Amino acid sequence: MSRTDAALRLRQAIARTEEATRERAPLGRHPDDADDVLGTFATDGALGFDPFPFLRVLHEAGSRAVVIGQVAGILHGSAELTGDLDLLWDGTPHEADALRDALARCGCKDLPDLRREQVGYRVTGAEGDLCTPALAWGDMDVTPCLTGAETTYDPAGFAIRYAALDDLVRMRRALGRPKDLRRAEELERLRT
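Reading guide: rules and limits
Residues numbered from 1 in each chain as written. Predicted model: local features only at pLDDT ≥ 70, side-chain atom pairs only at ≥ 80, totals over all residues. Heavy atoms only, no water. Helix = DSSP H or I, 4+ residues; strand = E, 2+ residues; numbered from the N terminus. Rg over C-alpha atoms; globule rule 2.2 N^0.38 Å. Buried < 20%, exposed > 50% of the residue type's maximum accessible area, 1.4 Å probe, protein only. Contact = heavy atoms within 4.5 Å. Lys, Arg positive; Asp, Glu negative; His and termini not counted. Charge placed at Lys NZ, Arg CZ, Asp CG, Glu CD. Salt bridge = Lys/Arg side-chain N within 4 Å of Asp/Glu carboxyl O. Core = buried A, V, L, I, M, F, W, Y, C linked by side-chain atoms within 4.5 Å. Pairing = 2+ DSSP bridges.

(A) Main features of the overall build of the protein chain. Secondary structure assignment for the protein chain yields seven helices and six strands. Listing the helices and strands of the protein chain from first to last along the sequence gives α-α-β-α-β-α-β-β-α-β-β-α-α. Against the globule reference of 16 Å for 192 residues, the protein chain gives a C-alpha radius of gyration of 15 Å, in line with a compact fold. For the protein chain, the C-alpha atoms occupy an extent of roughly 35 × 35 × 35 Å along the three principal directions. Relative to its 192 residues, the protein chain shows a buried fraction of 49%. Excluding contacts between residues fewer than 6 apart, the proportion of contacts in the protein chain whose partners are at least 24 apart in sequence is 61%. Placing the 25 positive and 33 negative side-chain charges of the protein chain at their respective mean positions leaves the two points 2 Å apart.

Encoded structure:
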């Protein structure tokens, strides 16, 4: 697999999302309103979803945040689409500065309180959660997911760090929601 394959898979998924939602009217449901079965693709978060500008600016700001959730699943080959971009970060002041810089540069008008273990954010083209290892993940310690992250390179010249496949499967199983268990099974099949 080339160093850009995962990024190209994500670009294809974003194009499929745009095609699938082209005729969809806003539903008045934001990613926070997603159910545990369908996920954020069934919310307004999928309308105009394009995480690439924010991912690029994260790279430019020197952020070491790791993509988790369904965008990480897509980077590994999942076929399910999404409408949000969730990130895991280490909770340090240095990383908080990089995140604030990236958020501001991507149009975040109300910067979130990064002292919290989980906080929502919204930028042009994407929204989601910023999570630290302090957030409860069942009995899983997600700290190693930060150092064990994989990296892909977008053809536009920036790196995207994302949760390694084994870590992502464990995260999904630890959360245990129907969509997470279904997606963990899909990721397990992709391994074989």
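On we go.
(B) Focus on the pattern of salt bridges. Enumeration according to the criterion identifies 16 salt bridges in this entry. One salt bridge connects Arg-122 with Glu-127, and the closest N-O pair in it is separated by 3.6 Å. Judged by its relative accessible area of 15%, Glu-127 falls in the buried class. Among the ionic contacts, a cluster of salt bridges with common partners joins Arg-56, Glu-60, Asp-101 and Arg-105.

(C) Fine view of the nonpolar core. Counting 54 residues, the largest nonpolar core has Phe-54, Val-67, Leu-85 and Leu-130 as its most contacted members. When residues no more than four places from it in sequence are discounted, the contact partners of Val-67 are Leu-55, Ala-72, Leu-75, Leu-85, Asp-86, Leu-87, Ile-160, Arg-161, Tyr-162 and Ala-163.

(D) Spatial organisation of the pairing of strand β5 (residues 150-153). Sheet topology places β5 next to strand β6 (residues 159-162); four bridges connect them, and they run antiparallel. Bridge pairing in β6 places Thr-151 opposite Arg-161. Hairpin connection from β5 to β6: five residues lie between these consecutive antiparallel strands, with Gly-157 at a positive phi of about 105°.

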